[in-house]
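Topology and contacts: notes
As a plain string of letters, each chain reads:
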Amino acid sequence: MAIELLEGIKDESDLELIIDMEFSFFKNPSGHKSVADARKLIRHLLGYPDNSLVVAYDINDPVGFSIYGPPFLEDELFRGAALQSNIRYDDNCNSVSVIAVLPEYRKKGVGTDLLQKVIEGSKENGTSQLYATCWKGKLGESYYLFKKLGFKELGTIGGVYCDGTSGIVVVKEI
Ligand SMILES: CC(C)(COP(=O)(O)OP(=O)(O)OC[C@H]1O[C@@H](n2cnc3c(N)ncnc32)[C@H](O)[C@@H]1OP(=O)(O)O)[C@@H](O)C(=O)NCCC(=O)NCCS
């Protein structure tokens, strides 16, 4: 399996496949109510010029993606988590807004490669910290992915997800 990582999409129509991925992984109860909601979020995130999209392709098919950039809505959340953990908060930090891989391509290292690319891209943006929120336990594969790549757990924050579920804030000095 030769997976290619690209910054951005190969074809405009690939954006709909990314939106479908976003919806299928983050739908109700804790996430989107409809594909339209997922589309709105992805378009919103990509509307920020400082945000970056990394896509994992199996030839011409997107099989995973990540969006990262400066935190907007999560800025105060990360700042608070850092403060409670006595960690210096980098005002120029980056956040992994989303990372996801199609189920049939999981556990093959694609998520690791995507996150490595996000780390490298963030370094190039001149930031020294990369934050994310993730679930722990059931459905919490991303927690283990972040831990594997050296992210530290800062604490649990209530009500991070739409249904009020808690999220774990993780950070990596890069
Ligand atoms: C999280 C996700 C992107 C990981 O992608 P992946 O391609 O399977 O990741 P990798 O194969 O590179 O695995 C990396 C590490 O994650 C951990 N991991 C992956 N799947 C796991 C699982 N089901 N249970 C426990 N740990 C798991 C392991 O530590 C693994 O390292 P190892 O293979 O050396 O043991 C993928 O599971 C996913 O898309 N999940 C749904 C979406 C999501 O929850 N995204 C995060 C919120 S933004």
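Note that the coordinates shown come from a computational prediction; the quantities given were computed from them, not determined experimentally. Residue positions are counted from 1 within each chain, in the order its sequence is given. Restriction of local features to residues with pLDDT of at least 70 applies here, the model being predicted, together with a cutoff of 80 or more for giving and counting side-chain atom pairs; totals for whole chains, interfaces and linings are based on all residues.

1. Comments concerning the overall build of the protein chain
Helix and strand labels come from DSSP, where a helix needs a run of H or I of at least four residues and a strand needs a run of E of at least two; each type is numbered from the N terminus. Along the backbone of the protein chain there are 5 helices and 7 strands. Listed by position from the N terminus, the elements making up the protein chain come as β-α-α-β-β-α-β-α-β-α-β-β. In this treatment the radius of gyration is a C-alpha quantity, and the globule benchmark scales as 2.2 Å times the residue count to the 0.38 power. A compact globule built from 174 residues would reach a C-alpha radius of gyration of about 16 Å, and the protein chain, at 15 Å, matches this within 12%. Along the first, second and third principal axes, the C-alpha atoms of the protein chain reach 45 × 35 × 30 Å. Burial statistics for the protein chain: of 174 residues in total, 33% are counted as buried. The exposure scheme places C-beta atoms from the backbone and then counts, for each residue, the other C-beta atoms within 10 Å of its own, assigning buried at 20 or more, exposed at 12 or fewer, and partly exposed in between.

2. What to know about the site of the ligand
The criterion for a residue being near a molecule or strand is simple: its C-beta atom, placed using the backbone, must lie within 6 Å of it. In the vicinity of the ligand lie 18 residues, with R106, G111, T112, S142 and Y144 positioned nearest. Looking at the shell around the ligand, the elements with two or more residues in it are β4 (94–101), α4 (110–124) and α5 (141–148). Tallying contributions element by element places α5 first for the shell around the ligand, with 5 residues. Under this grouping Gly is polar, as are all residues other than the nonpolar Ala, Val, Leu, Ile, Met, Phe, Trp, Tyr, Cys and Pro and the charged Asp, Glu, Lys and Arg. For the shell around the ligand, the residue count by class is 9 nonpolar, 4 polar and 5 charged.

3. Remarks on the sheet that holds strand β6 (residues 152–157)
Through backbone hydrogen bonds, the strands of a sheet pair up, either in parallel or in antiparallel fashion. At least two DSSP bridges between two strands are required for those strands to pair. Overall, mixed pairing links the 7 strands, which are arranged β1-β2-β3-β4-β5-β7-β6 in an open sheet. Lying at the two open borders of the sheet, with one neighbouring strand each, are β1 (3–7) and β6. For this sheet the average axis-to-axis angle between neighbouring strands, irrespective of direction, equals 25°. Relative to strand β7 (residues 167–173), strand β5 (residues 129–134) runs antiparallel, the two being bridged by 6 bridges. Within the sheet, the bridge partner assigned to T133 lies in β7 and is V169. Whenever a helix is involved, its axis is fitted only over the stretch in contact; in every case the axis is a line through C-alpha atoms, and angles between N-to-C directions fall within 0 to 180 degrees.

4. Points about the nonpolar core
Counting 40 residues, the largest nonpolar core has F65, V169 and V170 as the members making the most contacts within it. Contacts here follow a simple rule: the backbone-placed C-beta atoms of the two residues must lie within 7 Å. If we skip the residues at most four places from it in the chain, V170 touches A132, C134, F146, F151, K152, E153 and L154. Each nonpolar core reported here comprises buried Ala, Val, Leu, Ile, Met, Phe, Trp, Tyr and Cys residues connected via C-beta atoms within 7 Å.

5. Re α5
For α5, every residue scored as buried is listed here: S142, Y143, L145 and F146. Relative to the axis of α5, the buried residues are bounded by an arc of 160° and lie together on one face. What points out from α5, more than 90 degrees from its buried face, is the exposed set Y144 and K148. Where α5 is buried, its residues contact β4, α4, β5 and β7. Phi for G150, located one or two positions after α5, is positive at around 90°. Our arc is simply the arc of the directions from the helix axis toward the C-beta atoms.

6. So, the pairing of strand β3 (residues 61–69)
Among the 9 residues that make up β3, 8 are buried, leaving the element largely enclosed by the rest of the structure. In this sheet, β3 lies alongside strand β2 (residues 52–58) in antiparallel orientation, the contact comprising 7 bridges. From the neighbouring strand, D58 faces β3, where its bridge partner is D61. The antiparallel pairing of β2 with β3 creates a hairpin that spans 2 residues between the two strands, and I59 there sits at a positive phi of about 55°. In this sheet, β4 lies alongside β3 in antiparallel orientation, the contact comprising 6 bridges. The partner of Y68 across the bridge, within β4, is V96.

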